[in-house]
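Descriptive structure summary
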Amino acid sequence: MPIKIENLFYDYNPNTPFVAHALKDINLEIGENYFYALIGETGSGKSTLVQHLNALLWPSKGTIRIDEHFIDGNNKKLQKKKKKGVKKLRSHVGLVFQFPEYQLFEKDVLKDVAFGPRNFGIKEEEAIQIAKDSLNLVGIDESYYNRAPFELSGGEKRRVAIAGIIALKPKILVLDEPTAGLDPLGEKEMMDLFLKIHQNGTNVILVTHNMDIVLKYAEKVIVMDKGEVKRFVTPLELFQDQEFLNTVAIEPPLVFKVARELIDNGLNLDLKNISDLPSLASEIAKSKGETK
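What you see is a predicted model; the values in this text were computed from it and never measured. (Residues numbered from 1 in each chain as written. Predicted model: local features only at pLDDT ≥ 70, side-chain atom pairs only at ≥ 80, totals over all residues. Heavy atoms only, no water.)

1. Topic: unusual backbone geometry
- In this model, Asn 7 sits at a positive phi of 50 degrees, which is unusual for a non-glycine residue.
- Relative to the helices and strands, Asn 7 is located in strand S1 (residues 3–12).
- By relative accessible area, which is 42% here, Asn 7 ends up partly exposed.
- Even without being a glycine, Asn 15 presents a positive backbone phi close to 60 degrees.
- Along the polypeptide, Asn 15 turns up in the loop between S1 and strand S2 (20–30). (Helix = DSSP H or I, 4+ residues; strand = E, 2+ residues; numbered from the N terminus. Buried < 20%, exposed > 50% of the residue type's maximum accessible area, 1.4 Å probe, protein only.)

2. A closer look at the pattern of salt bridges
- Overall, the coordinates contain nine salt bridges when judged by the stated rule.
- The shortest N-O distance in the salt bridge between Glu 106 and Arg 118 comes to 3.6 Å. Pair noted here: Glu 106 is in the loop between strand S6 (93–96) and helix H4 (109–119) and Arg 118 is in helix H4, with a separation of 12 residues, a long-range link.
- On the basis of relative accessibility, which here comes to 25%, the residue Arg 118 falls in the partly exposed class.
- Here Asp 225 makes a salt bridge to Lys 226, at a shortest N to O gap of 3.7 Å.
- A relative accessible area of 56% means that Lys 226 is categorised as exposed.
- Overlapping salt bridges, with partners in common, bring together Glu 106, Arg 118 and Glu 124 in one network. (Salt bridge = Lys/Arg side-chain N within 4 Å of Asp/Glu carboxyl O.)

This is the structure we're talking about:
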């Protein structure tokens, strides 16, 4: 079990009149070889939770075990010291922020991507080869190697920044709104890239507000609300439960909206059989045949 979270609490501005209880008694087991989506309203605790997974934030209370790594929020003495093993953990859990291109800083693309491996003690020649492999994976060819990152387009910058995370060879890749600001084509290309990375053996945890992406790519969905985990289900199980979606203010994917409109207008559709436009069309055809 790569991630086990027990009794996790986190407070912003603790011991002040401005304290905010961001996470409340989170208990969660995230298994291997899945593409997860983490969803919820703004302020539900999604970003706070994922920042705990590579110790950017340290628990107020509770524990997190990620393979051999252990984060102990109950050990107050440890919290006062430099956190041991954090550097190694951050190569194990790669975190891609909402606008990863802001993480670029080296004078050329190849050096930027090779920085992470070098920082973890990889020799220069090997670090350069790892950087080339990572850039190739995200679709950046050698004609870009000597270009300044800041001269690239927005989509290219994002790919280079993601290559820098991939170069650390994380076992778990956490993506915090990685398609923000992209047009539909760029969004699809980015998500197909993450799917490819997942299919190559990396666990993916995606934070997103886009339910169409959740339906298309995720295998399991974690729903958060007001700092708590409310559901841990498959996308189809989630989007069939309109009453629950209403309670957590989540809009279903477009295909489910259309299906429900058709049901309200008299078509006999089975939501369990609908996951995309082709399956919706198939259900419509089946319903039309039944009504003849």
